[in-house]
Amino acid sequence: ADYETILVEQRGAVTLVTLNRPKALNALNSQVLSDLLAAMAAFDADDSQRCAVLTGSEKAFAAGADIKEMQHQGFADMYGHDFFAGWDRFTRTRKPIIAAVAGYALGGGCEVAMMCDFILAADTAKFGQPEVKLAVTPGMGGSQRLTRAVGKAKAMEMCLTGRMMDAEEAERAGLVSRIVPAADLVEEAMKTATTIAEMAPLAAIANKEMVNAAYETTLSAGVQFERRLFHGLFGSADQKEGMAAFVEKRPGKWTGK
Ligand code: HXC
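Scoring rules and cut-offs
Residues numbered from 1 in each chain as written. Predicted model: local features only at pLDDT ≥ 70, side-chain atom pairs only at ≥ 80, totals over all residues. Heavy atoms only, no water. UniProt positions renumbered as here; feature names shortened; annotations may be inferred. Axes fitted to C-alpha atoms, helices over the stretch in contact; angles between N-to-C directions. Helix = DSSP H or I, 4+ residues; strand = E, 2+ residues; numbered from the N terminus. Parallel < 35°, antiparallel > 145°, perpendicular 65-115°, else oblique. Contact = heavy atoms within 4.5 Å. Nonpolar A, V, L, I, M, F, W, Y, C, P; charged D, E, K, R; others polar. Expected span 1.5 Å × (residues − 1). Buried < 20%, exposed > 50% of the residue type's maximum accessible area, 1.4 Å probe, protein only. Polar contact = N/O pair within 3.5 Å; in protein donor to acceptor, adjacent residues only side chain to side chain. Patch = residues over 30% accessible without salt bridge, like charges linked within 9 Å, V, L, I, M, F, W, Y side chains within 5 Å. Areas by Shrake-Rupley, 256 points an atom, 1.4 Å probe, with all protein chains shown as cover. Salt bridge = Lys/Arg side-chain N within 4 Å of Asp/Glu carboxyl O. Phe/Tyr/Trp six-rings, centres within 6.5 Å; stacked < 30°, edge-to-face > 60°. Lys NZ or Arg CZ within 6 Å of the ring centre and 35° of its normal. Near = heavy atom within 4 Å. Lys, Arg positive; Asp, Glu negative; His and termini not counted. Charge placed at Lys NZ, Arg CZ, Asp CG, Glu CD. Pairing = 2+ DSSP bridges.

- Going by an unreviewed UniProt entry, the chain carries the name enoyl-CoA hydratase and comes from Stakelama sediminis.
- According to UniProt, the comment filed for the chain under the heading Function (unreviewed entry) is "Could possibly oxidize fatty acids using specific components."
- The Sequence similarities (unreviewed entry) comment attached to the chain in UniProt states, word for word, "Belongs to the enoyl-CoA hydratase/isomerase family."

Written out as structure tokens, the structure is:
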């Protein structure tokens, strides 16, 4: 499919999605949302695809929601149309998505990176929730996901002051899984995505689902959810294959069943 604001490329079992509004530093307007939702739905539905990488440019992953698009909206427009609610559908993608962030990930850009399953950061990455400087607040989950990721102290300071965090601080705080040199970012993300893509498909989805459950529920309910999914995988052919392959000292061959 052709999209206006993103580039989509399949490399083996990995879908690489690149935000592509360079003149606006990948600001996220309604077209980006509808392109991304269509691309992620196609990715989820395609059995040949197992993991996605979402990236931007060297200068910006995304510099936020599109300020020029929002500028003249009133309360009735925003509330009446539940502006930004569409992004919830992005988070319902079942297969794993890695955010590969170089340069600015600000406002909605930081929020979309946090909607992905984990963030790989280039050493040039900068994260922030500067909405307060526009006299508003995060609107795509930033106040919630940032607080869960880095704790109240840092999240509160960042939301109240709009200060940016560099890659080092983001890694220390637990916002990103790893830092890599900017020149290697996409290649490293693709390598990591390929590793994930080579795992048994049901196990990949189940692992994503249960780690995400940790954000949504109590410890005992989460542990119960984990155990039930774990039990369920013993009904899969790939579990038999995976454990046989270990015992026979050979790589597993998955059927996705
Ligand atoms: C629309 C944007 C944009 C944005 C950048 N641009 N960010 N357009 N929405 N969020 C546009 C600029 O207007 C400019 O276009 C072009 O991209 C290049 O940007 P510059 O500012 O010239 O680049 P630079 O001087 O290098 O500064 C980079 C920057 C700065 C520090 C990232 O662009 C910036 O502060 N951007 C806004 C960051 C922000 O506030 N994000 C949060 C948005 S609100 P022209 O045509 O002028 O050359 C949000 C959450 C919404 O995301 C939730 C509630 C509202």
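Additional details are given in the paragraphs that follow.
1. Here we look at the packing of helix 10 (residues 201-213) against helix 11 (residues 219-233)
At step 1: Where helix 10 meets helix 11, the axes come as close as 10 Å, and the angle between the chain directions of the two elements is 170 degrees. Classified by the angle their axes make, helix 10 and helix 11 are roughly antiparallel. On helix 11, the residues that touch Leu202, Ala203, Ala206, Glu209, Met210 and Ala213 of helix 10 are Phe225, Glu226, Leu229, Phe230 and Leu233.
At step 2: Of the residues that constitute the contact of helix 10 with helix 11, the class distribution is 9 nonpolar, no polar and 2 charged.

2. Considering helix 1 (residues 30-45)
At step 1: Relative to the 22 Å expected for 16 residues at 1.5 Å per residue, helix 1 spans 23 Å between its end C-alpha atoms, a close match to the ideal helical length.
At step 2: Of all the residues in helix 1, the buried ones are Val32, Leu33, Asp35, Leu36, Leu37, Ala39, Met40 and Phe43.
At step 3: Backbone nitrogen of Gln31 and a side-chain oxygen of the N-cap are separated by 3.2 Å at the start of helix 1; the cap is Asn29.

3. Some thoughts on a nonpolar patch on the surface
At step 1: Taken together, the side chains of Ile67, Leu134 and Val136 make up a nonpolar region of the molecular surface, amounting to roughly 260 Å² of accessible area.
At step 2: Residue placement: Val136 occurs in the loop between strand 8 (126-128) and helix 6 (142-150).
At step 3: Residue Val136 is classed as partly exposed on the basis of its relative accessible area of 46%.

4. Notes on the packing of aromatic side chains
At step 1: Taken as a whole, this structure holds 4 aromatic pairs when the rule is applied.
At step 2: On the numbers, 5.0 Å between centres and 15 degrees between planes, the contact of Phe75 with Tyr79 is stacked. With Phe75 and Tyr79 both in helix 3 (residues 75-80) and 4 residues apart, the pair spans about one turn of that helix.
At step 3: Residue classification places Phe75 among the exposed residues on the basis of a relative accessible area of 65%.
At step 4: Residue classification places Tyr79 among the exposed positions, given a relative accessible area of 62%.
At step 5: When the ring of Trp87 is compared with that of Phe90, the centres are 6.2 Å apart and the planes differ by 65 degrees; the resulting orientation is edge-to-face. Pair noted here: Trp87 and Phe90 are both in helix 4 (residues 87-91), with a separation of 3 residues, about one helical turn.
At step 6: Residue Trp87 is classed as buried on the basis of its relative accessible area, which comes to 3%.
At step 7: Judged by its relative accessible area of 2%, Phe90 is buried.
At step 8: Above the ring of Phe43, the side-chain terminus of Lys95 is found at 5.3 Å from the ring centroid.

5. Thoughts on the site of the ligand
At step 1: Surrounding the ligand, one finds 24 residues, the nearest of these being Lys59, Ala65, Ile67, Gly108 and Thr137.
At step 2: Lys59 places a side-chain nitrogen or oxygen 2.6 Å from an oxygen atom of the ligand.
At step 3: Note that an oxygen atom of the ligand is positioned 2.6 Å from one of the backbone N or O atoms of Ala65.
At step 4: Out of a free accessible area of 1,000 Å², the ligand has 65% covered by protein chains.
At step 5: Listing elements by their share of the shell around the ligand, those giving two or more residues are helix 2 (67-70) and strand 6 (104-106).
At step 6: Broken down by element, the residue count for the shell around the ligand peaks at 3 residues, all from helix 2.
At step 7: For the shell around the ligand, the residue count by class is 14 nonpolar, 5 polar and 5 charged.

6. Some thoughts on a negative patch on the surface
At step 1: A grouping of Asp123, Asp166, Glu168, Glu171, Asp184 and Glu187 is seen on the molecular surface, where their side chains present a negatively charged patch.
At step 2: By secondary structure assignment, the location of Asp123 is in the loop between strand 7 (118-122) and strand 8.

7. Side note on the pairing of strand 7
At step 1: Along strand 7, 4 of the 5 residues are buried, which leaves the element largely enclosed by surrounding structure.
At step 2: In terms of strand pairing, strand 5 (residues 97-101) meets strand 7 through 4 bridges, oriented parallel. Opposite Ile98, over in strand 7, you have Phe118 as the bridge partner.
At step 3: Pairing of strand 7 with strand 10 (residues 178-180) involves 3 bridges; the strand directions are parallel. Paired with Ala121 across the strands is Ile179, a residue of strand 10.

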